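Secondary and tertiary structure notes
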Amino acid sequence: MSTQPRSNIVLIGFMGTGKTTVGLKLADRLGWPMIDTDEEIVKKAGMSIPELFATHGEAHFRTLEREVVRETLAGSHRVISTGGGAVLAEENRACMSERGFVAALSASLETIVERVKNDSNRPLLQGSGLEEKVRTMLQERQDAYRFADLTIDTSPLAADDIAEHIFNAWTKERLKWGELSS
């Protein structure tokens, strides 16, 4: 454990699991800013994610993503919603674990497909065969989310309930480490 407190809450999970929606609720509950790493990448690149993929490719996107994750986690008292693939880089997972309480949001295949089917801002899911693409990517990434402090299936829950569950788990951890007074 780092000598610096894990003073951020980091939301990880596959696309369509509710990270941004839950992040906004959680940030409101805490009075902290909510930072979406995909939005920060768009600002840094000066173009949308689909344009970035088309122009420079996924490798360049992942490089920018690592920079943004590192920069974002250098701050404190932030709720950080990461892109679904941010956990693919070991460097990102280490940074998240060191500087944040990490909550992994999951959802059923059917829920994810329903949530992302009309979203044209997800270049890895474009074209035909959406369900098969999601199934394959979920299988490829399943181990990458296991480092989280907490995992929640968002399929049956309301965003407010998920945010409250994360808040309670984070508070419990802070008490365990003596970072809050009783």
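No experiment lies behind these values; they were computed from the predicted model shown.

The terminal C-alpha atoms of helix α6 (residues 130–141), which comprises 12 residues, lie 16 Å apart, in line with the 16 Å expected from a rise of 1.5 Å per residue. Residues of α6 that are buried include every one of L130, V134, M137 and R141, and no others. Taken down its axis, α6 places every buried residue within 70° of arc, on the same side. The exposed residues of α6 that point more than 90 degrees off its buried face are Q139 and E140.

Put simply, the chain has an average pLDDT of 89, and 90% of its residues get 70 or more. By mean pLDDT, the top-scoring element of the chain is strand β3 (residues 79–81) (98), and the lowest-scoring one is helix α5 (residues 109–116) (88).

So, about the environment of K133. Considering the arrangement of structural elements, one finds K133 in helix α6. Given the relative accessible area of 25%, K133 is considered partly exposed. Taking the C-alpha atoms as reference points, K133 and V113, separated by 20 residues in sequence, lie 9.7 Å from one another.

Ranked by internal contacts, the top residues of the largest apolar core, which has 24 residues, are I12, F14, L73, M96 and V134. Here this core takes 4 residues from α5, the largest share from any one element. Those residues in contact with F14 that sit more than four places away from it in its chain are K19, G84, L105, I112, V134, M137, L138, R141 and Y145. Among the nonpolar cores identified, the runner-up in size contains 21 residues, and A27, L30, W32 and V79 belong to it.

A few words on the layout of surface pockets. The computed volume of the second largest pocket comes to approximately 180 Å³. Together, 13 residues line the second largest pocket, and L105, S106, L138, Q142 and Y145 are the ones closest to its centre. Looking at the lining of the second largest pocket, the element that brings in the most residues is strand β4 (residues 100–106), giving 3 residues. Of the residues belonging to the lining of the second largest pocket, the class tally is 7 nonpolar, 5 polar and 1 charged.

This part is about the sheet that holds β4. Strand order across the open sheet formed by 5 strands is β2-β3-β1-β4-β5, with parallel pairing between neighbours. The sheet is open, and its two borders are formed by β2 (34–36) and β5 (150–153), each paired with just one other strand. This sheet shows a mean twist of 20° between the axes of neighbouring strands, independent of strand direction. Where β2 lies against β3, 3 bridges are found, and the strand directions are parallel. When the sheet's bridge partners are listed, I35 is paired in β3 with I80. The strands that helix α4 (residues 90–99) touches are β1 (8–13) and β4; relative to β4, the one it contacts most, it runs at about 120°.

Next up on the list: the pattern of salt bridges. Tallied over the entire structure, the rule returns 13 salt bridges. For E40, the salt bridge identified is with K43, shortest N-O distance 3.2 Å. Of this pair, E40 and K43 both sit in helix α2 (residues 37–45), 3 residues apart, roughly one helical turn. On the accessibility criterion, K43 (61% relative accessible area) is exposed. One salt bridge connects E114 with K117, and the closest N-O pair in it is separated by 3.0 Å.

Rules and cut-offs
- Residues numbered from 1 in each chain as written.
- Predicted model: local features only at pLDDT ≥ 70, side-chain atom pairs only at ≥ 80, totals over all residues.
- Heavy atoms only, no water.
- Helix = DSSP H or I, 4+ residues; strand = E, 2+ residues; numbered from the N terminus.
- Expected span 1.5 Å × (residues − 1).
- Buried < 20%, exposed > 50% of the residue type's maximum accessible area, 1.4 Å probe, protein only.
- Arc of directions from axis to C-beta.
- pLDDT = per-residue confidence, 0-100.
- Core = buried A, V, L, I, M, F, W, Y, C linked by side-chain atoms within 4.5 Å.
- Contact = heavy atoms within 4.5 Å.
- 1 Å grid on protein atoms, 1.4 Å probe; cavity = no way out; pocket = protein on both sides within 12 Å on 5 of 7 lines; lining within 4 Å.
- Points joined across faces, edges and corners; volume = space filled by probe spheres on them.
- Nonpolar A, V, L, I, M, F, W, Y, C, P; charged D, E, K, R; others polar.
- Pairing = 2+ DSSP bridges.
- Axes fitted to C-alpha atoms, helices over the stretch in contact; angles between N-to-C directions.
- Salt bridge = Lys/Arg side-chain N within 4 Å of Asp/Glu carboxyl O.

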